[in-house]
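# Analysis of the macromolecular model
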Amino acid sequence: MKCAIILAGGKGTRMKADCPKVMCNVLFKPMISYVVDAVKEAGAEDICVITGYKHNEVEDYLASVDTNIKTALQEPQLGTGHAVMQADEFIAAHTEDEILILNGDGPLMDAETINKAYDYHKENNNSITLISAIVDDLNGIGHIKRDENGTLLRIVEHKDASPEEKLINESNAGCYWFNGADLQYALSKITNENVQNEYYLTDSLEILIGAGKNAGAYVVENNEVILGANDRVQLNGLNTIMRKNINNKLMVNGVDIPCTDGVMIGKDVKIGNSTVILPNTIIIGSTIIGESCVIGPNTYIDNSEIGDNVVLDNCKILDSAVENDVDAGPFVKVRANSELKKGVHIGNFVEVKNSVVGEGSKSAHLTYIGDSDVGSGVNFGCGTVTCNYDGKNKSRCKIGDGAFIGCNTNLIAPVEVGDKAYIAAGSTITDDIPENALSIARAKQVNKEGWVEIKKPYKE
């Protein structure tokens, strides 16, 4: 059985953030969310997260993602070895299993790398297998020391390393596979006799080698997977890599991104073949977009479902569904719990909120459709407003199939407009309208001759 311990207790002082380090976002998701996803995808059946600084934030987030994830609190924080010691009950329950230990601020670590290291670990009957990388930047790394035959000896933290050891360019990634019983043994032997007076998990390598156990290092093929972030500059770097990787994968699978400038697409987003994503477009959440769409420029979509052959130009779509052949924009906002049915046209400066807009209905410009059930083939004239809020309660409007709403119409909810009803421009509708009826609700025009000469309302 595979299981995992994720280290997530750090404050991340250099981030200068109010939240725990692992809760800093990469592409609009906390870093730890990517790590949890990776270990699950790799087959971990039981997960324990070690929390610390502002632990409630991390624990609440994890509970919202998966109630089966266990947590253990590290307080005070006395090093990585000390952190793992806090999971003693978890480890005791998995002494016959293989335990993965990794950092919660490494969002680029993927299931493929984890499983390749696991296979290496099992094939060599190792008690410990660490993941390593050959790097150019040696500052602050954990240097992996080997003998002349390449056999692992120990991991030397940079601050404890000799000048000669600081030249070693094989870096510890902070990700390990352990045999559960051997991890339990190693933790019992770790001390804090070092410059920082901390308990280093890295010491477990030398301890297990000294006990005659097998040890090895799986060297990654792609160094990006080991990267973490200690400050906002490095966090930006993670965003850049994640964005590039996601965009490249989508393009390989048939999505057209002719210019990636400003295009940010979340890891969980799914997009169909031949859809075009234009610059300055952000797509996040569990969004699904169909085939042959044109999305953007300057469009934001969160947790929504978009059909095929949809055009969204300068739109904001939130928690809603847009069916096939819809054309929306520019400057359109579709708020939560809305549905735009097949063939709907929503034009510039139109907002839809908590409403269903039926097939083929059109609202070309300057209209608010809120808390409404709109039939098919409805035409909204410019400046139409569904007045859904009376200052105390929200009420709904119902508009039948084929209705025509004249310009500058106010529909005072709750009100029902019948099929093929016709509303004259400038009307304020307070009562239901029968089907096929013409409704006029405006004051009669009055012209007062000579009024301007008498009142003189204009400046000279």
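Residues numbered from 1 in each chain as written. Predicted model: local features only at pLDDT ≥ 70, side-chain atom pairs only at ≥ 80, totals over all residues. Heavy atoms only, no water.

### Comments concerning the overall build of the protein
Of the regular secondary structure elements, the protein holds 9 helices and 38 strands. On C-alpha atoms alone, the protein measures out to a radius of gyration of 31 Å, which is more than a quarter above the 23 Å that the 2.2 N^0.38 rule sets for 460 residues. With the C-alpha coordinates aligned to their principal axes, the bounding extent of the protein is approximately 105 × 45 × 45 Å. Relative to its 460 residues, the protein shows a buried fraction of 47%. Carbon and sulfur atoms form 47% of the exposed surface of the protein, whose accessible area is close to 22000 Å². (Helix = DSSP H or I, 4+ residues; strand = E, 2+ residues; numbered from the N terminus. Rg over C-alpha atoms; globule rule 2.2 N^0.38 Å. Buried < 20%, exposed > 50% of the residue type's maximum accessible area, 1.4 Å probe, protein only. Areas by Shrake-Rupley, 256 points an atom, 1.4 Å probe, with all protein chains shown as cover.)

### Details of the environment of Gln-234
Among the secondary structure elements, Gln-234 is positioned in helix α8 (residues 232–252). The spatial distance from the C-alpha of Gln-234 to the C-alpha of Ala-111 is 22 Å, given a sequence separation of 123 residues.

### Topic: the packing of aromatic side chains
The final tally for this structure, using the stated rule, is 5 aromatic pairs. A centroid spacing of 5.0 Å and a plane angle of 20° characterise the contact between Phe-331 and Phe-349, whose relative ring orientation is stacked. In this pair, Phe-331 is assigned in the loop between β23 (327–328) and β24 (332–334) and Phe-349 in strand β26 (residues 345–353), connecting sequence segments 18 residues apart. The ring centre of Tyr-300 lies 5.4 Å from the NZ or CZ of Lys-316, which sits over that ring. (Phe/Tyr/Trp six-rings, centres within 6.5 Å; stacked < 30°, edge-to-face > 60°. Lys NZ or Arg CZ within 6 Å of the ring centre and 35° of its normal.)

### Focus: the nonpolar core
Ile-32 and Ile-265 are the most contacted members of the largest nonpolar core, which has 95 residues in total. Per-element tally for this core: the top contributor is helix α1 (residues 31–41), with 7 residues. Setting aside residues up to four positions removed in sequence, Ile-265 forms contacts with Leu-27, Ile-246, Asn-247, Leu-250, Ile-257, Ile-271, Ile-277 and Ile-283. Grouped together as the second largest cluster of nonpolar side chains are 29 residues, Ile-5, Leu-205, Ile-207 and Leu-208 included. (Core = buried A, V, L, I, M, F, W, Y, C linked by side-chain atoms within 4.5 Å. Contact = heavy atoms within 4.5 Å.)

### Describing the sheet that holds strand β32 (residues 397–399)
In any sheet, the strands associate via hydrogen bonds between backbone groups, in a parallel or an antiparallel arrangement. Ordered in space as β13-β16-β19-β22-β25-β27-β29-β32-β35, the 9 strands form an open sheet in which the pairing is parallel. Edge positions in the open sheet fall to β13 (270–271) and β35 (415–417), since each of these has one partner strand only. Relative to β32, strand β29 (residues 372–374) is paired through 3 bridges, and the arrangement is parallel. Bridging across to β32, Ser-372 finds its partner in Cys-397. (Pairing = 2+ DSSP bridges.)

### Comments concerning the environment of Val-452
Relative to the assigned elements, Val-452 resides in helix α9 (residues 451–455). The contact partners of Val-452, leaving out residues within four places of it in the chain, are Pro-457 and Tyr-458.

### Examining the pairing of strand β4 (residues 46–51)
A large share of β4 lies buried, amounting to 6 of its 6 residues. Going residue by residue along β4, you find Asp-46, Cys-48 and Ile-50 tucked away on one face and Ile-47, Val-49 and Thr-51 tucked away on the opposite face as well. For strand β1 (residues 2–8) and β4, the ladder comprises 6 bridges, and the chain directions are parallel. Paired with Ile-6 across the two strands is Val-49, which belongs to β4.

### Notes on α1
With 8 of its 11 residues buried, α1 lies for the most part within the structure. Listed in full, the buried residues belonging to α1 are Met-31, Ile-32, Ser-33, Tyr-34, Val-35, Val-36, Ala-38 and Val-39. Positive phi appears at Gly-43, one or two residues downstream of α1, with a value of about 105°.

### With respect to helix α5 (residues 111–123)
Compared with an ideal rise of 1.5 Å per residue, which puts 13 residues at 18 Å, α5 spans 18 Å between its outermost C-alpha atoms and is within 8% of the ideal. Inspection of α5 places Ala-111, Thr-113, Ile-114, Ala-117, Tyr-118 and His-121 among the buried residues, and these make up the whole buried set. The arc that holds the buried residues of α5, viewed along the axis, is 165°, so those residues lie on one side. Summarising the geometry of α5, the exposed residues directed more than 90 degrees from the buried face are Glu-112 and Glu-123. In this fold, the buried residues of α5 make contact with β1, α1, β6 (98–103), β7 (128–134), β10 (170–179) and β11 (215–219). Phi turns positive, to about 50°, at Asn-125, one or two residues after α5. (Expected span 1.5 Å × (residues − 1). Arc of directions from axis to C-beta.)

### Some words on a negative patch on the surface
Taken together, the side chains of Asp-401, Glu-416, Asp-419, Asp-431, Asp-432 and Glu-435 define an acidic patch exposed on the protein surface. Within the secondary structure layout, Asp-432 lies in the loop between β37 (428–429) and β38 (438–439). (Patch = residues over 30% accessible without salt bridge, like charges linked within 9 Å, V, L, I, M, F, W, Y side chains within 5 Å. Salt bridge = Lys/Arg side-chain N within 4 Å of Asp/Glu carboxyl O. Lys, Arg positive; Asp, Glu negative; His and termini not counted. Charge placed at Lys NZ, Arg CZ, Asp CG, Glu CD.)

### Remarks on the pairing of strand β9 (residues 152–157)
The sheet contact formed by strand β8 (residues 142–146) and β9 spans 5 bridges and is antiparallel. Bridge pairing links Gly-142 to Glu-157 in β9. Counting the residues in the hairpin turn of β8 and β9 gives 5 residues, including Gly-150, whose phi is positive at 85°.

### So, the side chain of Ser-320
Relative to the elements of secondary structure, Ser-320 occurs in the loop between β21 (315–318) and β22 (321–322). Ser-320 gets classed as buried once you look at its relative accessible area, which sits at 6%. In this structure the side chain of Ser-320 is engaged in a polar contact, spanning 2.7 Å, whose partner is the backbone oxygen of Arg-335. A distance of 3.3 Å separates the side chain of Ser-320 from the backbone nitrogen of Ser-338, its partner in a polar contact. If we skip the residues at most four places from it in the chain, Ser-320 touches Asn-303, Ser-304, Glu-305, Val-334, Arg-335, Ala-336, Asn-337 and Ser-338. (Polar contact = N/O pair within 3.5 Å; in protein donor to acceptor, adjacent residues only side chain to side chain.)

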